[in-house]
Amino acid sequence: MVDERRVRILREGNVGSGPVLYVMGRDFRAQDNWALLYAQEQAKKHKVPLGVLVHFGRNLVQTNERHHSFLVEGLQETATELESNGIPFFLTFGNWEQEVKQFVEVHEIGLIVTDFSPLHESRWWWDEVSHGVAVPIHEVDAHNVVPAWLVSDKQEFAAYTFRRKVHKLLPEFLVKFPKLEPHPYDWGVSKTACWPRGVDKNGCALIDWEGVRKFRKFDSSVRPVTSIKSGGKTALQILDIFIKEKIKNYDQYRNDPTRDVLSQLSPYIRFGQISAQRIAYEVKKLRRDVKSRDSFLEELIVRRELAENFCFYNDNYDNFDGVPSWAKESLSEHKKDKRDYIYTLKQFEKSETHDLLWNAAQTELVENGKMHGFMRMYWAKKILEWTKTPEEAIKISILLNDRYSLDGRDPNGYAGVLWSIGGLHDRAWAKRPVFGKVRYMNYSGCKRKFDVETYIQRYHGSSVNV
DNA sequence: ATCGGCTCGCGCAA
DNA sequence: TGCGCGAAGCCGAT
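Definitions and limits used
Residues numbered from 1 in each chain as written. Chains lettered and ligands numbered in written order. Predicted model: local features only at pLDDT ≥ 70, side-chain atom pairs only at ≥ 80, totals over all residues. Heavy atoms only, no water. Pairing = 2+ DSSP bridges. Helix = DSSP H or I, 4+ residues; strand = E, 2+ residues; numbered from the N terminus. Axes fitted to C-alpha atoms, helices over the stretch in contact; angles between N-to-C directions. Contact = heavy atoms within 4.5 Å. Near = heavy atom within 4 Å. Polar contact = N/O pair within 3.5 Å; in protein donor to acceptor, adjacent residues only side chain to side chain. Nonpolar A, V, L, I, M, F, W, Y, C, P; charged D, E, K, R; others polar. Core = buried A, V, L, I, M, F, W, Y, C linked by side-chain atoms within 4.5 Å. Buried < 20%, exposed > 50% of the residue type's maximum accessible area, 1.4 Å probe, protein only.

(A) Local environment of the sheet that holds strand E2 (residues 20-23). Pairing is mixed across the open sheet formed by six strands, whose spatial order is E1-E6-E5-E2-E3-E4. The sheet is open, and its two edges are formed by strand E1 (7-11) and strand E4 (89-93), each paired on a single side. Pairwise comparison of adjacent strand axes, ignoring direction, gives a mean angle of 30 degrees for this sheet. Its contacts with the sheet place helix H4 (residues 120-132) against E1, E2, strand E3 (50-56), strand E5 (111-115) and strand E6 (137-140), and it is angled at close to 55 degrees to E1.

(B) Representation of the protein's contact with DNA strand B within the structure. Lys154, Glu156, Phe157, Tyr160, Thr161, Arg164, Trp326, Arg427, Ala428, Trp429, Ala430 and Lys437 make up every residue found near DNA strand B. Of all atoms in DNA strand B that approach within 4 Å of the protein, 78% are sugar or phosphate atoms. The contact in question runs from a phosphate oxygen of DNA strand B to an N or O atom on the side chain of Lys437, over 2.3 Å. When residues of the surface near DNA strand B are assigned to their parent elements, the largest contribution, three residues, is made by helix H6 (residues 159-173). Classifying every residue of the surface near DNA strand B gives six nonpolar, one polar and five charged.

(C) Representation of the nonpolar core in the model. In terms of nonpolar packing, the biggest core is built from 76 residues, with Phe56, Phe89, Leu91, Trp209, Ile279, Leu300 and Ile301 touching the most fellow members. The greatest single-element share of this core, amounting to seven residues, is contributed by helix H1 (residues 34-45). Listed in part, the 49 residues of the second largest apolar core include Phe348, Ala360, Ala380 and Leu424.

Distances and angles like these do not, on their own, reveal function.
Structure representation (structure tokens):
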């Protein structure tokens with residue numbers, strides 16, 4: 001049974017007699033998905049078929065080939081698993097009113113279920129859809145261990161205010177997932193009317209995945225990351241390796257970007273190919289490496305869900321207005337401070353600063369679609385130091401992270417940038433030029449903590465893959 | 001190598 | 001109203 005507190009009503013109304021449709025927007029997986037489990041529960045209750053639909057809009061300016069191919073590759077796996085459980089998978093493209101709305105009407109959908117995201121893109125979309133269809137819409141928080149609207153009813157000030165609230169609810173929510181069961185009511189896929197239209201000899205909806213991959217018009221200069229393989233199965237293998245081999249060193253070395261002790265799961269969490277709750281559930285079982293276990297769970301649950309809390313309750317999660325007032329005032333006071341270096345977006349993007357360590361981090365981001373957690377802080381703080389205003393620094397950091405990182409366009413990224421540049425969830429520190437009271441970080445700090453040379457060497461040059 | 005100060009405000013105890 | 005302490009640090013004194 002799906003906990004009712006995971007569910008919010010986006011559009012009121014009685015559930016109709018037609019099929020239940022899960023419009024998958026964020027959690028692109030078949031297993032360990034509360035939104036899917038809830039949709040099935042409703043479909044069984046009303047004795048109707050269940051289907052899953054993914055809609056690709058045409059005008060996602062920030063989407064590029066890197067993100068799109070990662071998403072589509074994983075989606076194929078998800079579609080296959082859904083269909084082998086009697087749940088047909090549909091794709092629609094372009095204008096939602098022509099596609100999704102029509103789909104809902106043609107198939108006489110009785111209930112729409114979706115997964116929760118705190119980001120504007122998603123909130124605005126559902127706001128529009130809920131005014132455009134005549135069907136109840138239920139939203140399920142399938143991404144967080146504890147539902148965002150339940151854990152706290154306001155923007156939390158810092159991790160310590162949020163931590164108690166999460167921990168209080170964890171015993172109720174950090175539970176084992178039920179396995180997805182084959183759906184007992186047949187949709188009759190031969191009646192499917194979706195792009196690409198048609199069915200194969202077994203009556204399954206035909207999807208031209210190669211066509212799907214090429215469908216969007218986007219910046220193809222950001223190449224797919226060949227070193228990171230997409231998909232839920234891969235994610236589970238990576239989790240297994242992390243638990244067996246890497247987590248034991250997590251506490252000691254997690255801030256050392258030359259060591260391989262992090263889970264590397266964030267792209268998979270970002271695209272919902274693995275559930276954070278599944279990761280937490282497996283890691284929590286550990287009876288060894290307790291210190292590492294707990295610091296990993298802190299990052300995975302407390303800090304990740306704190307970022308969701310921030311984006312959920314603060315509309316300005318991606319700009320200067322989102323930073324706490326003490327930092328806003330302090331940064332404004334230091335706006336006119338002399339900068340030793342000023343770089344343009346292009347110079348940052350091409351790793352053309354005077355700082356080899358910074359350039360290495362940027363290269364890691366561009367080439368590998370990720371950046372080590374510790375380097376993200378240093379990286380963003382230096383962008384503050386080397387641009388004219390904190391507003392511009394935030395803009396550039398978010399743009400680069402969203403464009404190149406596989407886990408970009410995600411609450412974690414926005415909260416991370418605002419933590420680094422705007423003191424979000426942090427405290428005030430001794431005043432310095434440019435930074436004001438925002439925590440300062442520098443090259444010598446990195447040198448104290450890890451072997452800077454090794455890191456620089458690893459990402460030196462322009463076509464490095466490790 | 002280690003320590004205190006820097007500096008703000010939330011939330012709880014009283 | 002007072003007080004402890006916090007998302008990952010820096011720096012100078014000892």
